Amino acid sequence: MKIDIFGLEKKVIYIAILLSVVHLSLIAFAVFRLGITVPGCVLNPKPFEKAEIIKHGDKRYELRMIAKMWAFEPKIVRLPVGSTLEIFMTSKDVNHGFQIVGTNINVMAVPGVMTQAEITFNNPGAYRIVCNEFCGIGHQEMNGVIEIDPNIEEPQISNGYQQVAAAGFNLDEHPGKKAMDKFGCVACHSLDGSVVVGPSFKGLFGKREEMASGEKVLVDETYLRASISDPQKQVVKGFSIQMPVTPMTPEELNHIVELIKAIK
Ligand code: CUA
């Protein structure tokens, strides 16, 4: 049997052209008819320093979101039903992923760069946010939520520290919190009672903790100071990941101890 190579090649080329046309038409259909926007990257940006939400019109908001080891700022975004959110993302440290579960929003957060995506929320509900790129030991803690609330008219954002705010001081202004952010303490020790890698700081002061050795120890100032300076000396039972020695000034140590005492 004689095979017509030239004819066969022609057929392959025609099929390839046809598939390309179909493919491009589907993209055009998604963009122009379905209104699905492709996430973009803003070139030559001036990355913002502060997380905030800015109103641009009726139910149109710009969200400036910061990813960092290991949290999103803001962690909680509340919006009225029908809001269109233009999201700008950047990272303070390493590459993170930003995904709104159940939607087609999935962008990267890259230091020095702003990525952008837009989405409209027509249905009330809670949409979870997760970091979907492995970014270090606290990666699994990087999450948040977008709540579409039929009972609100104006958007609200928060970093999810309400329990601590109830203690009667502004956490973000506390010098201990600044020191904790600097050394990344909260990546492993939560402030809200949830257990991450190490014991939570909430309600820790004054507690009797059982050590890996079986010994019971009162968490007082002496214990806190000793544990921060020499983390391996007395390890609480059930926590096996080694805490790194964190070199800090005596002042920073004081601030951190004061904050732990204050988080009841
Ligand atoms: Cu950030 Cu994983």
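Bear in mind that the values here come from a model prediction, so they are computed numbers and not experimental data.

Caption draft 1: Quick look at the packing of aromatic side chains. As enumerated under the stated definition, the model contains two aromatic pairs in all. Ring geometry for phenylalanine 121 versus tyrosine 127: centroids 4.9 Å apart, planes at 55°, classification tilted. Here phenylalanine 121 and tyrosine 127 have matching classes, each one buried.

Caption draft 2: Expanded view of a nonpolar patch on the surface. A contiguous nonpolar patch, built from Ile3, Ile5, Leu8 and Val12 and spanning about 400 Å² of accessible area, is present on the exposed surface. Relative to the helices and strands, isoleucine 5 is located in helix α1 (residues 5-33). Note on isoleucine 5: relative accessible area 54%, which makes it exposed.

Caption draft 3: Looking closely at the pairing of strand β5 (residues 76-79). Bridge count between β5 and strand β11 (residues 143-148): four bridges; the pairing is parallel. By the bridge assignment for β11, arginine 78 is matched with glutamate 147.

Caption draft 4: Highlighting the nonpolar core. Membership of the largest hydrophobic core comes to 29 residues, with the highest contact counts inside it found for Phe72, Leu85, Ile87, Met89, Phe98, Phe121 and Ile146. In terms of domain composition, this core takes at least three residues from each of domain 2 (40-158) and domain 3 (165-262). Those residues in contact with isoleucine 87, other than ones at most four positions away along the chain, are Leu63, Phe98, Ile100, Ile105, Thr115, Gln116, Ala117 and Ile119. Ala179, Leu204, Tyr223 and Ile260 belong to the second largest nonpolar core, which has 20 residues in total.

Caption draft 5: Spatial organisation of the pattern of salt bridges. Counting across every chain of the model gives 13 salt bridges. We note a salt bridge from glutamate 154 to lysine 55, for which the minimum N-O separation is 3.5 Å. One end of the pair, glutamate 154, is in the loop between β11 and β12 (156-158); the other, lysine 55, is in strand β2 (residues 52-57), with 99 residues separating them in the sequence. Since its relative accessible area comes to 43%, glutamate 154 is described here as partly exposed. The residue glutamate 62 makes a salt bridge to arginine 64 at a minimum N-O spacing of 2.8 Å. Its relative accessible area of 10% is what places glutamate 62 among the buried residues. Looking at arginine 64, the relative accessible area reads 25%, which means it is partly exposed. A cluster of three or more residues bridged by salt bridges with shared partners is formed by Lys50, Glu52, Glu62 and Arg64.

The rules behind each value
Residues numbered from 1 in each chain as written. Predicted model: local features only at pLDDT ≥ 70, side-chain atom pairs only at ≥ 80, totals over all residues. Heavy atoms only, no water. Phe/Tyr/Trp six-rings, centres within 6.5 Å; stacked < 30°, edge-to-face > 60°. Buried < 20%, exposed > 50% of the residue type's maximum accessible area, 1.4 Å probe, protein only. Patch = residues over 30% accessible without salt bridge, like charges linked within 9 Å, V, L, I, M, F, W, Y side chains within 5 Å. Areas by Shrake-Rupley, 256 points an atom, 1.4 Å probe, with all protein chains shown as cover. Salt bridge = Lys/Arg side-chain N within 4 Å of Asp/Glu carboxyl O. Helix = DSSP H or I, 4+ residues; strand = E, 2+ residues; numbered from the N terminus. Pairing = 2+ DSSP bridges. Core = buried A, V, L, I, M, F, W, Y, C linked by side-chain atoms within 4.5 Å. Domains from an automatic or database assignment. Contact = heavy atoms within 4.5 Å.

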